[in-house]
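# Structure assessment
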Number of protein chains: 2
Amino acid sequence: MTKKEALLKAAEDKVRLGGYNNFSFREIANEVGIKSASVHYHFPTKADLGAELAHQYTNAFLSALGDVDDIKANNQNPIDVYTQLFRNALLTDNKMCLCGLLGAQNESLPDKVRLEVKRFFDLNLAWLEQAHVANGESEPSHAAILTVSLLEGAMMISKALNDHSYFKLATK
Amino acid sequence: MTKKEALLKAAEDKVRLGGYNNFSFREIANEVGIKSASVHYHFPTKADLGAELAHQYTNAFLSALGDVDDIKANNQNPIDVYTQLFRNALLTDNKMCLCGLLGAQNESLPDKVRLEVKRFFDLNLAWLEQAHVANGESEPSHAAILTVSLLEGAMMISKALNDHSYFKLATK
DNA sequence: TTCAATGTATCTATCAGTAGATAGTTATAT
DNA sequence: ATATAACTATCTACTGATAGATACATTGAA
């Protein structure tokens, strides 16, 4: 893992626990073993780091989701696959969805970060809509909103109560 | 409105837009017209302010909800009343639910704030469970979790996309 | 093949601004 | 007189950011 990748990972952990202001250049630099000034070499500003973080998070998420048609061809329900990915994000990492937390604090974010958060949800809704179409739902775009809302909300409440059984109950 | 009330209001606006770190004693003092040091007279520490803020927010929320039995006696659906209160919080104030945002960044909060956020959701789930019982639902506690998850999630996504029509769609 | 030029990744040192917090003082109102 | 609610002044710690230096690797031309 390059230093740049390590910086993004360190920042991701902190943001997913406490939001955009929950990490500083000094903190992540210390964790990685360089000086805070050197972080600016990789990311000119904090907003640049935040935007790249959200962008890569989105890409990794969609890549993990895979293709709706492939899932169907495999006799799986894409909505179950989607739910499972959220479940892993919470249960394995014990952390919020990066873009969920950032989205909630949208108005305090730098523009370029806000844009990447929007991209996350636009792409998620598009994927879910396609999934609901493939499932033969009558109102796929409506169903897509319900799906992602329920998952993000259940995640938030599980974190707030520090009890993952709420997420499990909401998604069973 | 006393200075103390004004300080809480100023802090609430900022927290609901960007989370716990999105306000400083200096900022809210300026808005209210006193010095930042004087804020410590009303709230010894920032954590005290945050905890009192969440506590009063919870009380106001529950008070606005009213009594489940009264709502039923009035031939209204308590779940509709609950949904409407969330809708107003988003559409009228154009802001997130205070405890939703704080809950998402739970792990980075001072203990006493975390406790108040937990209280918000515990009381909300209890109210919703009672409401679903009154509606004759077979699994009231399960339904309560689904209800609050969907609303918090829809709120979060509407903020992330800066488009309230997502919330409307999710709650129609 | 050598050597100058360039690029990469880091460093030290420093800056102005802001954070929450404290001590001690003052004005006002009961 | 006492309690309330503000003040001034100051502290330490931390914020993101910048300038300028260093070491090292890569590259391209004479």
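See the structure above.
Presented here is a report on the structure given in the accompanying data block. Values in this document were obtained by computation on a predicted structure and should not be read as measured data. Residue positions within a chain follow its written sequence, with the count starting from 1. Throughout, the order in which chains and ligands are written sets their labels, letters from A for the former and numbers from 1 for the latter. A pLDDT threshold of at least 70 governs which residues receive local features in this predicted model, and a stricter bar of 80 or more applies before side-chain atom pairs are shown or counted, although totals over entire chains, interfaces and linings include all residues. In computing side-chain properties, one takes all heavy atoms of the structure into account and sets aside hydrogens as well as water.

### Description of the protein's contact with DNA strand C
Which entries qualify depends on this criterion: Throughout, near means a residue has at least one heavy atom within 4 Å of the molecule or strand. Between N or O atoms, a polar contact is any pair within 3.5 Å; within protein, one atom must be a potential hydrogen donor and the other a potential acceptor, and residues adjacent in sequence are included only when both atoms are from side chains. For helices the rule is a DSSP run of H or I covering at least 4 residues; for strands it is a run of E covering at least 2, with both sets numbered from the N terminus onward.
The environment of DNA strand C is made up of 16 residues, and the closest members are Lys35, Ser38, Tyr41 and His42 of chain A together with Lys46 of chain B. When the atoms of DNA strand C within 4 Å of the protein are grouped by moiety, sugar and phosphate amount to 60% of the total. Residue Lys35 of chain A places a main-chain N or O atom 2.5 Å away from a phosphate oxygen belonging to DNA strand C. The separation between a phosphate oxygen of DNA strand C and a polar side-chain atom of Lys46 of chain B is 2.9 Å. The set of elements that each furnish at least two residues to the surface near DNA strand C consists of helix 3 (36-42) of chain A together with helix 2 (25-32) and helix 3 (36-42) of chain B. The element contributing the most residues to the surface near DNA strand C is helix 3 of chain A, with 4 residues.

### Details of the environment of Ala37 of chain B
All names here are of chain B. Let me state the cut-off plainly: Only protein chains enter the accessibility calculation, which uses a 1.4 Å probe. A residue is then buried if its area is under 20% of the maximum for its type, exposed if over 50%, and partly exposed in between.
Position of Ala37 relative to the elements: it lies in helix 3. Under the relative-accessibility criterion, Ala37 is labelled exposed at 59%. Taking the C-alpha atoms as reference points, Ala37 and Arg26, separated by 11 residues in sequence, lie 8.2 Å from one another.

### Structural notes on the protein's contact with DNA strand D
Defined as follows: Note that Gly is not counted as nonpolar here; it falls among the polar residues with everything else outside the nonpolar set of Ala, Val, Leu, Ile, Met, Phe, Trp, Tyr, Cys and Pro and the charged set of Asp, Glu, Lys and Arg.
Close to DNA strand D lie 16 residues; Lys3, Lys35, Ser38, Tyr41 and His42 of chain B are nearest. In DNA strand D, atoms within 4 Å of the protein come from the sugar-phosphate backbone in 61% of cases. Within the contact set of DNA strand D, a base nitrogen lies 3.4 Å away from a side-chain nitrogen or oxygen of His40 of chain A. Between DNA strand D and Lys46 of chain A, the relevant distance is 3.0 Å, taken from a phosphate oxygen to a main-chain nitrogen or oxygen of the residue. Going through the elements one at a time, helix 2 (25-32) and helix 3 of chain A together with helix 3 of chain B are the ones with two or more residues in the surface near DNA strand D. Here the element with the most residues in the surface near DNA strand D is helix 3 of chain B; it accounts for 4 residues. Here the surface near DNA strand D is built from residues that sort into 6 nonpolar, 6 polar and 4 charged.

### Details of the interface of chain B and chain A
Test applied: Residues count as neighbours in contact if any of their non-hydrogen atoms are within 4.5 Å of one another. In this description, buried area is defined as the sum, over both parts, of the accessible area (probe of 1.4 Å) that is lost when the two are combined. We count a salt bridge whenever a side-chain nitrogen from Lys or Arg sits within 4 Å of a carboxyl oxygen from Asp or Glu.
Residue-level contacts link 38 residues of chain B with 38 residues of chain A. Interface area for chain B against chain A, summed over the two sides, is near 3,400 Å², with a carbon-plus-sulfur share of 67%. Where chain B packs against chain A, one counts 2 salt bridges. A salt bridge links Lys159 of chain A to Glu107 of chain B; the nearest nitrogen and oxygen atoms lie 2.2 Å apart. Where chain B touches chain A, the interface holds 8 residue pairs in polar contact (both at pLDDT 80 or more). The set of elements that each furnish at least two residues to the side of chain B that touches chain A consists of helix 1 (3-18), helix 7 (98-104), helix 8 (111-134), helix 9 (140-161) and helix 10 (165-170) of chain B. Among the elements that line the side of chain B that touches chain A, the one with the most residues is helix 9 of chain B, at 14 residues. Grouping the constituent residues of the side of chain B that touches chain A by class yields 19 nonpolar, 12 polar and 7 charged.

### With respect to the layout of surface pockets
The cut-off we apply is this: For cavity detection a 1 Å grid was placed over the protein atoms alone, and a set of points counts as a cavity when a 1.4 Å probe fits there but cannot get out; an open set counts as a pocket when protein lies on both sides within 12 Å along at least five of seven lines, with lining residues being those that have an atom within 4 Å of a point. Grid points are joined across faces, edges and corners, and a volume is the space filled by probe spheres set on the points.
By volume, the largest pocket amounts to about 360 Å³. The wall of the largest pocket is formed by 17 residues, among which Glu12, Arg16, Gln56, Tyr57 and Ala60 of chain A lie closest to the centre. Contributions of two or more residues to the lining of the largest pocket are made by helix 1 (3-18), helix 4 (46-65) and helix 6 (78-91) of chain A. A class-by-class count of the residues in the lining of the largest pocket yields 8 nonpolar, 3 polar and 6 charged. Taken as a whole, the second largest pocket encloses approximately 270 Å³ of empty space. Looking at the lining of the second largest pocket, the elements with two or more residues in it are helix 1, helix 4 (46-65) and helix 6 (78-91) of chain B. When its residues are assigned to classes, the lining of the second largest pocket shows 8 nonpolar, 2 polar and 5 charged.

### What about helix 6 of chain B?
Because each turn of an α-helix spans 3.6 residues, side chains separated by three or four positions in sequence point in the same direction. All names here are of chain B. To be explicit about the condition: A helix is expected to reach a length of 1.5 Å times the quantity of its residues less one.
Over its 14 residues, helix 6 runs 20 Å from end to end, which matches the ideal 20 Å to within 8%, given 1.5 Å per residue. Those residues of helix 6 that are buried lie in contact with helix 1, helix 4, helix 5 (68-73), helix 8, helix 9 and helix 10. Sitting at the amino-terminal end of helix 6 is Asn77, which places a side-chain oxygen 2.9 Å from the backbone nitrogen of Ile79.

### Some remarks on the relation of the copies chain B and chain A
In plain terms, the rule: The copies were overlaid by least squares, fitting only the C-alpha atoms of residues that reach a pLDDT of 70 or more in each copy.
In the superposition of chain B on chain A (RMSD 0.0 Å, axial shift 0.0 Å), the rotation amounts to 180 degrees. Both chain copies can therefore be described as sitting about a two-fold axis. Comparing contact sets, 100% of the residues at the interface of chain B also lie at the interface in chain A, consistent with an isologous, same-surface contact.

### With respect to the packing of helix 4 of chain A against helix 6 of chain A
All names here are of chain A. This is how the line gets drawn: Between N-to-C directions, angles span 0 to 180 degrees; the directions come from axes that are lines fitted to C-alpha atoms, helices contributing only their stretch in contact. Here the word oblique covers every angle except those under 35 degrees (roughly parallel), over 145 (roughly antiparallel) and from 65 to 115 (roughly perpendicular). In this scheme the crossing of two helices becomes right-handed for a clockwise turn of the near helix relative to the far one and left-handed for an anticlockwise turn of less than a right angle.
The contact between helix 4 and helix 6 brings their axes to 10 Å, and the two run at 135 degrees. As far as their axial angle goes, helix 6 and helix 4 are oblique. Read as a crossing pair, helix 4 and helix 6 show a hand that is right-handed. Residues Phe61, Ala64 and Leu65 of helix 4 lie in contact with helix 6, whose contacting residues are Val81, Tyr82, Leu85 and Phe86. Residue classes in the contact of helix 4 with helix 6 are distributed as 7 nonpolar, no polar and no charged.

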